[in-house]
Amino acid sequence: MMQCVKPEKHHLLEVMEWVRSPKVFEIWAGPGFRFPFTADTFIEDLKLDELHSRVLIDTSQEPHQVVAFGQTYQRLGHTHLGRLVVKPDVQGQGIGQALIEQLMKLGDELLDSNGYSLFVLKANARAKNLYLKLGFNVAEYPEIMPLPDCLYMVKDDDSML
């Protein structure tokens, strides 16, 4: 059983450990996030007051486990999903899909948008394949791309899960 909740500090400290390596951090963080980070700079750079952040908790076992993290906000008329990450030892078990579905539902509740969007690095084939499976398509980004070697992917409202 998965539960999507606002993160508490202890959840964020756990997520911080998943992205500690420079290679993983580069794929995950996006521009404007300091590295190397401390607990304080990590939490500050998440911009929790500006972005809707959630952790996915696996409640099927005790103690409950944080298994994923993501954020959503309004960008160019879409509910934009960002900083998506699944706990390394549970990847490949459908948790990424559950996280994305929960964040899209959150966006539907909190934001007035015409679909969903996200960025993915071209080299991140595993994530790109998941997004394609969920109905996202590569699209032309209407502004200057914020990251090099990055794809902009969108999913229109009429292609909802």
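About the cut-offs
- Residues numbered from 1 in each chain as written.
- Predicted model: local features only at pLDDT ≥ 70, side-chain atom pairs only at ≥ 80, totals over all residues.
- Heavy atoms only, no water.
- Helix = DSSP H or I, 4+ residues; strand = E, 2+ residues; numbered from the N terminus.
- Rg over C-alpha atoms; globule rule 2.2 N^0.38 Å.
- Buried < 20%, exposed > 50% of the residue type's maximum accessible area, 1.4 Å probe, protein only.
- Areas by Shrake-Rupley, 256 points an atom, 1.4 Å probe, with all protein chains shown as cover.
- Salt bridge = Lys/Arg side-chain N within 4 Å of Asp/Glu carboxyl O.
- Patch = residues over 30% accessible without salt bridge, like charges linked within 9 Å, V, L, I, M, F, W, Y side chains within 5 Å.
- Lys, Arg positive; Asp, Glu negative; His and termini not counted.
- Charge placed at Lys NZ, Arg CZ, Asp CG, Glu CD.

S.K.: Provide a residue-level description of the overall build of the protein chain, including the pertinent values.
M.R.: Scanning the protein chain from terminus to terminus reveals 5 helices and 7 strands. Mapped from its N terminus to its C terminus, the protein chain presents α and β elements in the order β-α-α-α-β-β-β-α-β-α-β-β. Scaling as 2.2 N^0.38, a compact globule of 161 residues should have a C-alpha radius of gyration of about 15 Å, and the protein chain matches this with 15 Å. Principal-axis analysis of the C-alpha atoms places the extent of the protein chain at approximately 40 × 35 × 30 Å. Taking all 161 residues of the protein chain together, the buried fraction comes to 43%. Per element, the accessible surface of the protein chain, about 8800 Å² overall, is 51% carbon and sulfur.

S.K.: For unusual backbone geometry, give the residues involved together with the corresponding values.
M.R.: What is expected of a backbone is that most residues other than glycine have negative phi and most peptide bonds are trans. Here the amide bond leading from Phe35 into Pro36 is cis, since omega sits at -5 degrees, within 30 degrees of zero. Its place among the elements puts Pro36 in the loop between helix H2 (22-28) and helix H3 (39-45). With omega at -10 degrees, the peptide bond leading from Glu62 into Pro63 counts as cis. Along the chain, the position of Pro63 falls in the loop between strand E2 (52-58) and strand E3 (65-75).

S.K.: Tell me what's going on with the pattern of salt bridges, and back it up with residues and numbers.
M.R.: Applying the stated criterion to the full structure yields 4 salt bridges. The partner of Glu14 in a salt bridge is Lys87, with the nearest N and O atoms 3.7 Å apart. One end of the pair, Glu14, is in helix H1 (residues 9-18); the other, Lys87, is in the loop between strand E4 (78-86) and helix H4 (95-110), with 73 residues separating them in the sequence. One salt bridge connects Glu44 with Arg34, and the closest N-O pair in it is separated by 3.0 Å.

S.K.: An account of a negative patch on the surface is needed here, citing residue identities and associated values.
M.R.: On the surface, Asp108, Glu109, Asp156 and Asp157 cluster together to form a negatively charged patch. A residue is classified by how much of its surface remains accessible, and Asp108, at 39% relative accessible area, is partly exposed.

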